[in-house]
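# Residue-level structural notes
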Amino acid sequence: MIGTSPDAAREVLADLIALQPWVGASPDFAALCADVTQSVVDEAFPGALVPVVNSDGSMQIDVAAPTMSNWRRLKPVLLAFAGPTVTGFDGVPVPFDAADPVGARLMLVAPGVTAIMPLPMDERSRIGALRAVLRARDTLARAPELQRSAPVSTSWLLGRFQDYLNVGRRDAATGVLERLRSELRLDALNLKFLKVQLLAVFEDWTGIVALPEFPSLSVARRTPAITAILLEALYQTHIAGSFDAGNIADTRTAFEASVQSLVQSMLINGAPLGLGAGGWRLLGLEALSDPGRQDLLAMLVDRGEELGWIADLLPAPAPSGPRAVDVAAPIDTARDALIQAEAVDSIDLLADAMAAMARLSPDELALLRETMPFRPIVHVTDEFANIAPPTSWIAWLDRAADPTFADALDIARRGKDEWEIGASTGDPAAVRALVAALEKAQGDDLAADRTTQALPYLVAWLQRDAEFPRAALSPVYGRLLTLFALGTARGATIYESSQVLVEALLASGVDQKSYRDLIADIDEISGDGFGVDMIYWVLELVESFMNAAAPDASARETFLHRILARIVPIYARLTGLQRVTVNLLSSELGWSLPITMATDAVSTNDGLAGRLAGLRIAIYSLTESSSRQAKGALEEITKAVLVDTNADHGGSARLRALAENSDLFVMTWLSAKHAATDFIRSHRGDKPLIYSRGRGFSSTLRAIEEFLMSRGKTTA
């Protein structure tokens, strides 16, 4: 099948039949051609075969495979049944002729590989060749679908979800979330938490508060990170306006009318880790409303910077006089710890509860196991009795080689939000300890595998650092990238988060040796050759290297030229926009693509020009040079597209006009002001708004191409 869905494939087949590609053929021959063409809608067939009379009057079969993996499956079977002894097919990819209407229609679905199978001149041999092709089709239909049946674990999907969030690929992350929902991988509450996490990454606070389940989420058992997000969303939606205006009366009124009941329902007894300024201000307003909350007042004592003018209104906490030192009985300490662990979904609190239970006598443990409401909580902690959860990445890495550490990725997923990251993590001794733990993991296959799969969580944890990228943590960034480059998991997929590490290393500054090590790691990840699927990942890396300082200019030039040279063999299969991007980057490097069969091939019609024609596209980025380059590339594809760029730091009349009137709005996520982001979102309504993950122009072009090719001009 060729096409994004069975419906799309049927639409392609109808268009192909309408072109009458074998008009004038005998009835028997036409019937065989029609059977072969059914491959277009055959879900078991890894591509499409369409017989057609070409421009010089001879017969051929246009072959199209959706992806390179489909091509690897299709090619040997076609060679076996209809190779050089029966047809002129030699298994070499070839672009369709520009004058071939069937080929042009197939290119509209952006196949990964195309080829041509010339048929013999005499009709008897042609019929024999078509029957051979039909046997090949039937053989593939009966073959087990090994790739489709390969199981994909829930932990892998969750890792991919985090990977997309790390680089701002909102649509891709939403797709993973939909898959988790449709395949019933997670319960409804966890799916909602993932939805909240996704919206928070893009600071869509209004979207979080508008969730119908928001009141339920505020009373559910949550992780500290989710609590912090819910509080920030409430503040940004209901309080920020009056607070920023310094209007005390309106701020308190809005809090009491719309927010207070939800904050109280969250039963906050301690400040959640990662709480933002908005969350702290809500706790301040709650303390103002209820001066008896001495626990809140005590928490807010050193938070003047986050609280703003609210700090001046808060009463001082009641002085605590000298008290006798009370030493709680171990069983009372255990009860308190169990209650905390039950109220908050935290691996740190669970570890505290298990430590408290370990100090009990057998009789005290037996008493807790038989007493409600502790019985079910103790039962849960008993399941972890011999495997206390780690409470830091170093502890996690130490356990990574343990075969019984089955929930390693689940712990990593939660630890990215709970484990401390900040200036203390950049302390030289702490960095050496973390690097040593990573090196130790590299020496064990299981530990290296788990660490590679946890890369998205490690990167998310590093990005929580307010000073990311922190130069002191460069050894950690570099070691993680090396671990990924050498890991076995990279063979299955390239985590987008690896690019975050590359950019962090380039931005934080590296010496000559580290720079060369970085280049070696990228060489290892990209391999001797890469396919069309990886092309934008590669181009974005090239752009990052070109925009960053180079401690070794010679090494950089050699590396970039080597990367571009690897693109040459696949140049013919790139889309028009990818070709323009390659040409732009090559010209900036002063390097011309060599003249080969691949680079000299005429660009096939991938349909993007048609989808762009007539559209008005707005690009928002503070990196204006990238916006201009993206605009130039789009206009090179077709002059019929209107592209506007904008870099205003806040709401303006022009930005509002673009948000309201453009057909497609592209926001460069990493190069945008928060005020402008909110302004665009508030005036965009339901019109398409897509996010470009990187600061470079190739990221913007990738976002536009993926959107248009997946949804089509009609949706846009």
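Scroll up to find the structure.
The present account deals with the structure reproduced in this document.

### Describing the overall build of the chain
For the chain, the count of helices and strands is 38 helices and seven strands. Here the chain has a C-alpha radius of gyration of 30 Å; the compact-globule value for 716 residues is 27 Å, and the two agree. By its C-alpha atoms, the chain is 105 × 65 × 55 Å across when sized along the principal axes. Counting only residues that meet the buried cut, the chain has 50% of its 716 residues in that class. Counted over contacts in the chain with a minimum sequence separation of 6, partners at least 24 positions apart contribute 72%. The chain carries 65 positive and 88 negative side-chain charges, and their two centres are separated by 3 Å.

### Some remarks on the pairing of strand 7 (residues 689-692)
Neither face of strand 7 is left uncovered, since the one carrying Leu 689 and Tyr 691 and the one carrying Ile 690 and Ser 692 both have all their residues buried. Bridge count for strand 6 (residues 664-668) against strand 7 is four bridges, and the pairing is parallel. Across the sheet, Phe 665 pairs through a bridge with Leu 689, a residue of strand 7.

### A few points about the sheet that holds strand 7
In spatial order, the strands read 5-4-6-7; together these four strands make up an open sheet with parallel pairing. In the strand order of this sheet, the two ends are held by strand 5 (642-646) and strand 7, each with one partner. Each neighbouring strand pair of the sheet contributes to a mean axis angle of 20 degrees, computed without reference to strand direction. Where helix 37 (residues 674-684) meets the sheet, it contacts strand 4 (616-620), strand 6 and strand 7, and its direction lies at approximately 160 degrees from that of strand 6.

### Examining the sheet that holds strand 1 (residues 48-53)
Pairing within the open sheet is antiparallel, and its three strands lie in the order 1-2-3. Pairing within the sheet leaves two strands with one partner each, and these edge strands are strand 1 and strand 3 (113-118). Averaged over all neighbouring strand pairs, the angle between strand axes comes to 25 degrees, with direction disregarded.

### Looking at the nonpolar core
Of all hydrophobic cores here, the largest spans 165 residues; its most connected members are Ile 208, Leu 282, Trp 396, Phe 545, Ile 617 and Leu 634. With near-sequence residues (within four places) excluded, Leu 634 lies in contact with Leu 577, Leu 612, Ile 617, Ile 619, Val 641, Val 643, Leu 701 and Ile 704. One finds Phe 29, Phe 45, Leu 130 and Val 133 within the second-largest nonpolar core, a separate group that totals 30 residues.

### Focus: the pattern of salt bridges
Tallied over the full model, the rule gives 30 salt bridges. Close ionic contact of Glu 178 with Arg 181 constitutes a salt bridge, the shortest N to O distance being 2.8 Å. A residue pair is termed a helical-turn pair when its members lie 3 or 4 positions apart in one helix, as Glu 178 and Arg 181 do in helix 8 (residues 170-182) at three residues. Given the relative accessible area of 42%, Glu 178 is considered partly exposed. Look at the salt bridges and you will find they share partners, linking Arg 169, Glu 496, Glu 540, Arg 702 and Glu 706 into a network.

### Brief notes about unusual backbone geometry
With omega at -5 degrees, the peptide bond leading from Phe 468 into Pro 469 counts as cis. Of note, Pro 469 is situated in the loop between helix 26 (455-463) and helix 27 (474-486).

### Notes on the side chain of Asp 521
Tracing the backbone through its elements, the reader meets Asp 521 in helix 29 (residues 512-526). Dropping the residues within four chain positions of it, Asp 521 is found in contact with Gly 478, Leu 481, Thr 482 and Ala 485.

### Some details on the pairing of strand 6
Working note: regular strand, side chains alternate between the two faces of the sheet. Along strand 6, five of the five residues are buried, which leaves the element largely enclosed by surrounding structure. Neither face of strand 6 is exposed, since Leu 664, Val 666 and Thr 668 on one face and Phe 665 and Met 667 on the opposite face are all buried. Two strands pair when backbone bridges link them, and strand 4 and strand 6 are joined in this way by four bridges, in the parallel orientation. When the bridges of strand 6 are listed, Ile 619 appears paired with Val 666. After leaving strand 6, the chain enters helix 37 and then returns to the sheet as strand 7, a path that is right-handed.

What counts, and at which threshold
Residues numbered from 1 in each chain as written. Predicted model: local features only at pLDDT ≥ 70, side-chain atom pairs only at ≥ 80, totals over all residues. Heavy atoms only, no water. Helix = DSSP H or I, 4+ residues; strand = E, 2+ residues; numbered from the N terminus. Rg over C-alpha atoms; globule rule 2.2 N^0.38 Å. Buried < 20%, exposed > 50% of the residue type's maximum accessible area, 1.4 Å probe, protein only. Contact = heavy atoms within 4.5 Å. Lys, Arg positive; Asp, Glu negative; His and termini not counted. Charge placed at Lys NZ, Arg CZ, Asp CG, Glu CD. Pairing = 2+ DSSP bridges. Axes fitted to C-alpha atoms, helices over the stretch in contact; angles between N-to-C directions. Core = buried A, V, L, I, M, F, W, Y, C linked by side-chain atoms within 4.5 Å. Salt bridge = Lys/Arg side-chain N within 4 Å of Asp/Glu carboxyl O. Right-handed = clockwise from strand over helix to strand, strands pointing away.

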